[in-house]
Amino acid sequence: MVSNNFDFTGSMVALVTPMDAKGNVDRVSLRKLVDYHVKAGTDAIVSVGTTGESATLSHDEHVDVVLMTLDMADGRIPVIAGTGANATSEAIWFTQQFENKGIAGCLTVTPYYNKPSQEGLYQHFKAISESTALPQILYNVPGRTGCDLLPVTVARLAQLDNIVAIKEATGNLSRVSQIQQLVNDDSFILLSGDDASSLDFMQLGGHGVISVTANVAALEMVELCRLAKAGEFAKARELNRRLMDLHHQLFVEPNPIPAKWACQRIGLIEDATLRLPMTPLTSAGQDIVEKALLTAGIL
């Protein structure tokens, strides 16, 4: 495994990318978000992943937002760059933009839409791994990408030196034991990508979560991960019950629509603007998310 000061565990936020009313990246709100997570003790920021609207940013914007986030973090919190693409050459290009910049690592989603075979997935991630010294986190979210990175392929990839972790967003808790049985390396990190099942994931042996909920409940998600790491699952479950409605309702409409609205609602960003084809949270959705924020004690 690659030596790195950050161990890729705990509560990591899949950060929204704030935009002003004209759809331009809002630097002031981004700095406010970074400061919020530093103060809360969030373990790392994942910049320009799915929640960060990677699909609607230009390549230059994508790189600029990650580097801007890194600059604003100023060494106070690790920053992980979203670098996934459905073309291997494009994912390599994104990855190489962050070499020697101070990025902690890269989160690379499985290629979407073109539905590669397991061998294609292996060769895709292998090629990325061989192009960089940066630690790589595999990202499996078949509900969005249309392809599933199976545990047997994860085990093959875990043998590569700088592939250090996987974000598993299937919601299938059996994946934890399946991957553990196949990966002969105790240092390989298992991260939940599904807030609603993340506590169960950690109780089964997972090491943390890359969280949408943490955008608006950063302190609570840090505490949830701390309690899980300490084995204090009764307290963790009590906290998680309070958050459960929020875990679910931040997906009442496609992510990151509700998360952005919630960030604006609690004053973390100035505007909840998204780029088409993402549309603003409906009034019915606003009522649902507002209730979830109240239940969680965020409002």
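Computed from a prediction, not measured in an experiment: that's the story for all the values here.

(A) Representation of the UniProt feature "active site" (unreviewed entry) in the protein in the model. UniProt annotation of "active site" (unreviewed entry) refers to Tyr 139 and Lys 167 when read in the numbering used here. Across 29 residues of sequence, these annotated residues stay compact in space, with a maximum C-alpha separation of 4.7 Å. Filtering the just-named annotated residues for those lining the largest pocket gives Tyr 139. Among the structural elements, Tyr 139 can be located in strand E5 (residues 136-140).

(B) Spatial organisation of the layout of surface pockets. One number sums up the size of the largest pocket: a volume of about 550 Å³. Surrounding the largest pocket, 29 residues form its lining, Gly 49, Thr 50, Ser 54, Ala 55 and Tyr 112 being those nearest its centre. Elements with a contribution of two residues or more to the lining of the largest pocket: helix H2 (59-73), helix H3 (88-96), strand E4 (105-109) and helix H5 (142-145). Its residues assigned to classes, the lining of the largest pocket shows 14 nonpolar, twelve polar and three charged. Its boundaries defined by the atoms lining it, the second largest pocket holds a volume of some 290 Å³. Forming the walls of the second largest pocket are 21 residues, and the residues nearest its centre are Val 141, Ala 169, Gly 193, Asp 194 and Phe 251. Of all the elements in the fold, those that place two or more residues in the lining of the second largest pocket are strand E8 (208-211) and helix H10 (233-249). Residues belonging to the lining of the second largest pocket are distributed by class as follows: eight nonpolar, nine polar and four charged.

(C) Region of the structure containing the sheet that holds strand E2 (residues 44-47). The eight strands lie next to each other as E1-E2-E3-E4-E5-E6-E7-E8, forming a closed barrel whose pairing is parallel. Taken pair by pair, the neighbouring strands of this sheet meet at an average axis angle of 25°, ignoring direction. Both strand E3 (residues 79-82) and E4 contribute to a ladder of three bridges, which runs parallel. Across the sheet, the residue bridging to Ala 81 is Cys 106, located in E4. Against the sheet, helix H4 (residues 118-130) makes contact with E4, E5 and strand E6 (163-168), and its axis sits at roughly 160° relative to E4, the strand it touches most. Packing of helix H9 (residues 218-229) onto the sheet brings it into contact with strand E1 (10-14) and E8, and relative to E1 it is tilted by some 150°.

(D) Molecular detail of the pairing of E5. Of all five residues that make up E5, five are buried, and the element is covered over most of its length. Alternating residues of E5 divide into Gln 136, Leu 138 and Asn 140 and Ile 137 and Tyr 139, and every residue in both groups is buried. The sheet contact formed by E4 and E5 spans four bridges and is parallel. Note on E5: the bridge partner recorded for Val 109 is Tyr 139. With H4 bridging E4 and the parallel E5, this β-α-β connection has right-handed handedness.

(E) Representation of the environment of Ala 40. Relative to the helices and strands, Ala 40 resides in helix H1 (residues 27-40). Once residues within four sequence positions are removed from consideration, Ala 40 is found in contact with Ala 218, Leu 219 and Val 222.

(F) Quick peek at the UniProt feature "site: L-lysine inhibitor binding" (unreviewed entry) in the protein. Listed under "site: L-lysine inhibitor binding" (unreviewed entry) in the UniProt record, and renumbered for this structure, are Ala 55, Asn 86, Glu 90 and Tyr 112. Taking the farthest pair of C-alpha atoms as the criterion, the annotated set spanning 58 residues converges on one region, since that pair is 13.0 Å apart. In the annotated set above, the residues contributing to the lining of the largest pocket are Ala 55, Glu 90 and Tyr 112. Here Ala 55 lies in the loop between E2 and H2. What makes Glu 90 partly exposed here is its relative accessible area of 26%. With near-sequence residues (within four places) excluded, Glu 90 lies in contact with His 59 and Ala 85.

Rules used in this analysis
Residues numbered from 1 in each chain as written. Predicted model: local features only at pLDDT ≥ 70, side-chain atom pairs only at ≥ 80, totals over all residues. Heavy atoms only, no water. UniProt positions renumbered as here; feature names shortened; annotations may be inferred. 1 Å grid on protein atoms, 1.4 Å probe; cavity = no way out; pocket = protein on both sides within 12 Å on 5 of 7 lines; lining within 4 Å. Helix = DSSP H or I, 4+ residues; strand = E, 2+ residues; numbered from the N terminus. Points joined across faces, edges and corners; volume = space filled by probe spheres on them. Nonpolar A, V, L, I, M, F, W, Y, C, P; charged D, E, K, R; others polar. Pairing = 2+ DSSP bridges. Axes fitted to C-alpha atoms, helices over the stretch in contact; angles between N-to-C directions. Contact = heavy atoms within 4.5 Å. Buried < 20%, exposed > 50% of the residue type's maximum accessible area, 1.4 Å probe, protein only. Right-handed = clockwise from strand over helix to strand, strands pointing away.

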